[in-house]
Amino acid sequence: MNAIQDGLNQFISIRMEHVASSILATSPGYEDLMKNCNQLFSILHDCLPKEYIQALYDYETNTTLLQGMAESIMYEQGLKDGVSLNQMLLGE
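Residues numbered from 1 in each chain as written. Predicted model: local features only at pLDDT ≥ 70, side-chain atom pairs only at ≥ 80, totals over all residues. Heavy atoms only, no water.

## Remarks on a nonpolar patch on the surface
Argument step 1. On the surface, Leu 24, Tyr 30 and Met 34 cluster together into a nonpolar patch covering about 240 Å² of accessible area.
Argument step 2. Take Met 34: it is sitting in helix α2 (residues 28-47). (Patch = residues over 30% accessible without salt bridge, like charges linked within 9 Å, V, L, I, M, F, W, Y side chains within 5 Å. Areas by Shrake-Rupley, 256 points an atom, 1.4 Å probe, with all protein chains shown as cover. Salt bridge = Lys/Arg side-chain N within 4 Å of Asp/Glu carboxyl O. Helix = DSSP H or I, 4+ residues; strand = E, 2+ residues; numbered from the N terminus.)

Take a look at the structure:
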């Protein structure tokens, strides 16, 4: 069962990478929000004393990892829901 889960995780990762590079990257709303986030990060970075800069980077890394984890869980659940719905509609 571990091999199946590993394969599913790999599929989800590849698929999400594709979506990010082909769909999100061309979305005006996404681009605007990304620019805004980068501007806010720069403001915070420039205002913080040097001893807090690493904490800012650590915070950004952790929030990015947290978001990635949430996206993976939701994507996997969406696949499970889709399979269940398909089975229900086909009467299996």
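## Digging into the packing of α2 against helix α3 (residues 50-90)
The geometry of a pair of packed helices is captured by two quantities: the angle between their axes and the separation between those axes.
Argument step 1. Here α2 crosses α3 at 155°, and the two axes come no closer than 9 Å. It follows that α2 is roughly antiparallel to α3 by the angle criterion. The handedness of the crossing between α2 and α3 is right-handed. In this structure, α2 uses Phe 41, Leu 44 and His 45 to contact α3, whose residues at the interface are Ile 53, Leu 56, Tyr 57 and Glu 60.
Argument step 2. Taken together, the residues that form the contact of α2 with α3 break down as five nonpolar, one polar and one charged. (Axes fitted to C-alpha atoms, helices over the stretch in contact; angles between N-to-C directions. Parallel < 35°, antiparallel > 145°, perpendicular 65-115°, else oblique. Left-handed = near helix turned anticlockwise from the far one by under 90°. Contact = heavy atoms within 4.5 Å. Nonpolar A, V, L, I, M, F, W, Y, C, P; charged D, E, K, R; others polar.)

## What to know about the packing of aromatic side chains
Argument step 1. Counted according to the given criterion, the structure contains one aromatic pair.
Argument step 2. Look at Phe 41 and Tyr 57: their rings are 5.6 Å apart centre to centre, the planes differ by 45°, and that puts the pair in the tilted class. Pair noted here: Phe 41 is in helix α2 and Tyr 57 is in helix α3, with a separation of 16 residues, a long-range link.
Argument step 3. Taking relative accessible area as the criterion, Phe 41 reaches 19% and is therefore assigned buried.
Argument step 4. For Tyr 57, a relative accessible area of 35% puts it in the partly exposed group. (Phe/Tyr/Trp six-rings, centres within 6.5 Å; stacked < 30°, edge-to-face > 60°. Buried < 20%, exposed > 50% of the residue type's maximum accessible area, 1.4 Å probe, protein only.)

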